[in-house]
Amino acid sequence: MTPDRSQTAYAESAADLAHRVLGALRGAGGTALVAEHVERAEDPKAALAALRVVGADVFAPYLLGDSVFHPQDAEAVAMAFTVFPPPVNPPTPPPDGPAEPWVVAWRDWAMAAVLGRFAEVGGDALPPTVRTDASGVAEIVDAPGGTVRAPEPQGAPLLSEARLRAAYGTAGARDALRVPEGSYTADRLHAAGSHGVAYPADAPATAAEAAGLDWQRWSVRMGQLSPLALPGLDSAVHRAARAAPLALARGASRALLRRDHPTAVHILRWLALLGSEGVPLPIELPPLIEHVELLGGGGPRLALDLAIARRLLALELPA
């Protein structure tokens, strides 16, 4: 198979898997949907690659719906990690390293972390090749190349204005210094003590903080990490999202104005997760979700992201 044909097969298989996951999230389809996707595929390798592409979202029907996780599904996910293993050493986070492999490493961790949760619950019902490490993240043992792991990467997307929170985190500092208009400490949702949330003065800014992203780039980077926006996961990325709902809202609004609907939906997923956790949001999400559903075009991947956002907000799924 030529490289171009291989990429096409992977993309088609990923779209088919997203469609299957969406159907299961809506209550349709049979059992062991992940394993069935691999077993019925004309190209099993492309089907396994699709699992790695869709990532932790393959677990959405089990986390947000009524589907039951099966040992065959765990075997399929384990096989996907075995055939397409993550790098042995976690990539260096940006700005010191490239962003793409770091984003992929976070998505791999999310998939392994959710699989680890099912492995802990399922116990002996899951295949013996799936174990959990000390942090509860799944690892695949007895693989041909040795144990396959997806460790939690270092770092999280950092806003350049994180330094402002460190500098103006106390009332005295905020009163003594002029806070720039539009900064997070200036906004009532991010002021110290507002809604019971405080940003205490932090340690001096590191070099990585000095290279933090503006809210436009930061929100796009968070959108690239949207497969982490699932219940039950927690990491530095989740803490970064909880600390800056205004930046996420700005990013989603900007993407909608630019008609970049995939990016908008990815960011909306983070806002939906925050809303499900009780975090105050500066924007109403249901109208934005409905807007994208009407104007965002088709495609199973976009539809799956929208369905996950709806489930997180306890909204009914469209037929």
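Above this text is the structure in question.
Calculation criteria
All residue numbers refer to position in the chain's written sequence, counted from 1. Reporting of local features is limited, given that this is a predicted model, to residues whose pLDDT is at least 70; pairs of side-chain atoms are given and counted only at 80 or more, and all residues count toward the totals for whole chains, interfaces and linings. In computing side-chain properties, one takes all heavy atoms of the structure into account and sets aside hydrogens as well as water. Runs of E in the DSSP output that reach at least two residues are strands. Runs of H or I that reach at least four are helices, and both are numbered from the N terminus. Residue burial is assigned from relative accessible area. The probe radius is 1.4 Å, only protein chains are included, and a residue is buried under 20% of its type maximum, exposed over 50%, and partly exposed in between. An axis is simply a line fitted to the C-alpha atoms; with a helix, the fit covers only the stretch in contact. Between two such axes, the angle follows the N-to-C directions and lies from 0 to 180 degrees. For classification purposes, an angle smaller than 35 degrees is called roughly parallel, one larger than 145 roughly antiparallel, one from 65 to 115 roughly perpendicular, and anything else oblique. Two residues form a contact once any of their heavy atoms are found within 4.5 Å. We define a salt bridge as a contact between a side-chain nitrogen of Lys or Arg and a carboxyl oxygen of Asp or Glu at a distance within 4 Å.

**With respect to unusual backbone geometry**
In step 1: In this structure, proline 95 follows proline 94 across a cis peptide bond, with omega equal to 10°.
In step 2: By secondary structure assignment, the location of proline 95 is in the loop between α5 (71–83) and α6 (99–122).
In step 3: If you check the backbone angles, arginine 259 has positive phi at about 60° while not being a glycine.
In step 4: For arginine 259, the location among the structural elements is in the loop between α12 (245–257) and α13 (261–276).
In step 5: Judged by its relative accessible area of 70%, arginine 259 falls in the exposed class.
In step 6: Phi at alanine 314 is positive, roughly 60°, even though this residue is not glycine.
In step 7: Mapped onto the secondary structure, alanine 314 falls in the segment after α15 (300–312).

**A short note on the packing of helix α10 (residues 215–224) against α12**
A packed helix pair is summarised by two numbers, namely the angle formed by the two axes and the spacing between the axes.
In step 1: Relative orientation of the contacting elements α10 and α12 amounts to 85°, with a least axis distance of 9 Å. With respect to α12, the element α10 is oriented roughly perpendicular. Along its contact with α10, which presents Trp215, Gln216, Trp218, Ser219 and Met222, the element α12 presents Ala247, Leu248, Arg250, Gly251 and Arg254.

**Examining the side chain of histidine 261**
In step 1: Take histidine 261: it is sitting in helix α13.
In step 2: Judged by its relative accessible area of 10%, histidine 261 falls in the buried class.

**Topic: the pattern of salt bridges**
In step 1: Evaluation of the coordinates by the stated rule reveals 14 salt bridges.
In step 2: The closest approach of N and O atoms between arginine 310 and glutamate 293, which form a salt bridge, is 2.6 Å. Taken as a pair, arginine 310 in helix α15 and glutamate 293 in helix α14 (residues 285–295) lie far apart in primary sequence, 17 residues in all.
In step 3: Given a relative accessible area of 10%, arginine 310 falls into the buried group.
In step 4: Its relative accessible area of 28% is what places glutamate 293 among the partly exposed residues.

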